[in-house]
Amino acid sequence: MSELIPMLDLKAQYATLRKEIHAAIDRVMESQHFILGPEVEAFEREVAAYSQSQFGIGVSSGTDALLVALMAINIGPGDEVITSPYSFFATAGSIVRLGARPVFVDIDLDTLNIDVNKIEAKITPRTRAILPDHLAGQTADMGAIMQIAQKHNLYVIEDACQAIGADYQGKRAGSIGHLGCFSFFPSKNLGGAGDSGMVVSNDPALADRVALLRNHGHRPKYYNKAIGGNFRMDALQAAILRAKFPHLENWTAARQKNAALYNELFKNAGLSSDKSPERENKPVILPQEAGWGRHIYHLYQIRIQNRESPRSAAERGKLMSYLKEHQISTEVYYPVALHKQECFAQMDFNEDCPNAEKASQQTLALPIYPELTASNIERIVSAIEDFYNQ
Ligand SMILES: *Cc1c(COP(=O)(O)O)cnc(C)c1O
């Protein structure tokens, strides 16, 4: 029996960083300063600088980063926020939690990000903001999004939870819109030992508003200027993340190298092609780089063509089971488009998002983590080749 290839191997990463991480934990334990404080402030400065932002505000999760960013621009009942139907739940969930309505604009099938050509048709007098997601580690078309936002006087909040270090024409993810949101969930490219996140901004007034709302709206303590919440970051998370942060660039480079090897092996095996229309007749469609900036490959998502019906996930399901039998882990991000989620049934979304629905039936994420070896990747591609040859 061959060895299991997991989606992610956090133990391998930890083994190389054990000393630095324990020193960071000790530092916090000795200080007994657990909430916000100097470790959080130092980490805020480091992430802000890395993300070409003047301000960083450490928060409790990526989800809370989105929520507090939307609160900072006063999103509430009656407001509409344009967003992607093909993202993690929190992107839309945070809008609905504030009583506002997400307006889903279909995705571009090549990049799986919001299709900027379809945004303007969805703008109404109630539209307040655009919340694009940078799925898998590649930014949405931020040039077009910022142009539309300026023309219609809208805020832009970037869901950069999967895209730390990605860029659009040299501009880092998170720094382009009014506010940018990061997650340090353990499986993200920079992951902590639990939940945390960050909001970044180049707008002093908005950054100040986020900082106020992060801590109940206290200013000073027990005198409340605004109704905020407890969205604070723990010092332990900040200290551990600071120990890992200097390695992020190397991890990103390893992910990019893995993606390039996958692409090459899939093409050599005849399973996919770069050229259209040939591309569409191959069983596997490779992730597409839009060419406008650095893709940091949080995910490596292929699309599985269904030979019987393009709208069915049957072929993907069979392939996943086959790979599981061969000790290869895969995952689907995401199997249900957001406008189709059960919890939104009473919101009557009748958005027309055929590409998001198609993507939800076709995408398959393969392991891409930095410690994955070339021979692991060879084994994965040849198992997929065997599946199609059986
Ligand atoms: C991970 C993620 C989030 C949420 O982050 P958490 O830290 O898990 O709350 C939000 N949006 C996207 C696109 C994500 O990938």
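Fair warning: this is a prediction, and the values are worked out from it, not measured in the lab.

### Quick look at the domain arrangement of the protein
In terms of domains, the protein is made up of domain 1 (10–246) and domain 2 (248–388). Listed as interface residues are 50 residues of domain 1 and, on the opposing side, 39 residues of domain 2. Here domain 1 meets domain 2 over a buried area of about 3,900 Å², counting both sides, of which 58% is carbon and sulfur. Looking at the side of domain 1 facing domain 2, the largest losses of area belong to Tyr86, Leu109 and Asn189, adding up to 19% of the total buried there. Across the domain 1-domain 2 interface, the total number found is one salt bridge.

### Observations concerning the packing of helix 8 (residues 248–268) against helix 11 (residues 374–389)
At their nearest, the axes of helix 8 and helix 11 sit 10 Å apart, and the two run at 35 degrees to each other. Of the two possible hands of crossing, helix 8 and helix 11 adopt the one that is right-handed. Of the residues in helix 11, those in contact with Asn258, Leu261, Tyr262, Leu265 and Phe266 of helix 8 are Ala374, Ile377, Glu378, Ile380, Val381 and Ile384. Taken together, the residues of the contact of helix 8 with helix 11 sort by class into nine nonpolar, one polar and one charged.

### Points about the site of the ligand
Not every one of the 14 residues close to the ligand is listed here, only the nearest: Gly62, Thr63, Asp159, Ser183 and Lys188. One of the side-chain N or O atoms of Lys188 is found 3.1 Å from an oxygen atom in the ligand. Coverage of the ligand by the protein amounts to 94% of the 380 Å² it exposes when considered alone. Sort the elements by how many residues they give to the shell around the ligand and helix 3 (residues 62–72) lands first, with three residues.

### Examining the pairing of strand 3 (residues 101–104)
Sheet topology note: the strand 2 (residues 80–83)/strand 3 ladder contains four bridges and is parallel. The residue of strand 3 that forms the bridge with Val81 is Pro102. The parallel pair strand 2 and strand 3 is bridged by helix 4 (residues 89–97), and the resulting crossover is right-handed.

### Some points on the sheet that holds strand 12 (residues 363–366)
Strand order in the open sheet made by the three strands is 10-11-12, with antiparallel pairing throughout. Two strands in the sheet have a free side with no partner beyond their single neighbour: strand 10 (284–285) and strand 12. The strands that helix 8 touches are strand 10, strand 11 (300–304) and strand 12; relative to strand 11, the one it contacts most, it runs at about 25 degrees. Taken strand by strand, helix 9 (residues 314–325) contacts strand 11 and strand 12, and its axis lies near 20 degrees from that of strand 12.

### Quick word on the sheet that holds strand 5 (residues 155–159)
Across the sheet, which stays open at both edges, the seven strands sit in the order 1-9-8-5-4-2-3 with mixed pairing between neighbours. Where the open sheet ends on each side, the last strands, each with one partner, are strand 1 (55–59) and strand 3. Direction aside, the axes of adjacent strands within the sheet are offset by 25 degrees on average. Of the pairings in the sheet, the one linking strand 1 to strand 9 (residues 197–201) comprises five bridges and is antiparallel in character. Paired with Gly56 across the bridge in strand 9 is Val200. This element, helix 4, spans strand 2, strand 3, strand 4 (127–131) and strand 5 of the sheet and lies at about 145 degrees to strand 3. The sheet strands contacting helix 6 (residues 204–214) are strand 1, strand 5, strand 8 (179–183) and strand 9, and the helix crosses strand 1 at an angle near 15 degrees.

### Quick look at the pattern of salt bridges
By the definition in use, this model includes 13 salt bridges. Of the charged contacts in the structure, one is a salt bridge between Arg126 and Glu80, with a shortest N-O distance of 3.0 Å. Linking Arg126 in the loop between strand 3 and strand 4 with Glu80 in strand 2, this pair joins segments that are 46 residues apart in sequence. Accessibility expressed as a relative area gives 45% for Arg126, which makes it partly exposed. The shortest N-O distance in the salt bridge between Arg279 and Asp110 comes to 2.7 Å. In this pair, Arg279 is assigned in the loop between helix 8 and strand 10 and Asp110 in the loop between strand 3 and strand 4, connecting sequence segments 169 residues apart.

The rules behind each value
- Residues numbered from 1 in each chain as written.
- Predicted model: local features only at pLDDT ≥ 70, side-chain atom pairs only at ≥ 80, totals over all residues.
- Heavy atoms only, no water.
- Domains from an automatic or database assignment.
- Contact = heavy atoms within 4.5 Å.
- Buried area = accessible area lost by both parts, 1.4 Å probe.
- Salt bridge = Lys/Arg side-chain N within 4 Å of Asp/Glu carboxyl O.
- Axes fitted to C-alpha atoms, helices over the stretch in contact; angles between N-to-C directions.
- Helix = DSSP H or I, 4+ residues; strand = E, 2+ residues; numbered from the N terminus.
- Left-handed = near helix turned anticlockwise from the far one by under 90°.
- Nonpolar A, V, L, I, M, F, W, Y, C, P; charged D, E, K, R; others polar.
- Near = heavy atom within 4 Å.
- Polar contact = N/O pair within 3.5 Å; in protein donor to acceptor, adjacent residues only side chain to side chain.
- Areas by Shrake-Rupley, 256 points an atom, 1.4 Å probe, with all protein chains shown as cover.
- Pairing = 2+ DSSP bridges.
- Right-handed = clockwise from strand over helix to strand, strands pointing away.
- Buried < 20%, exposed > 50% of the residue type's maximum accessible area, 1.4 Å probe, protein only.

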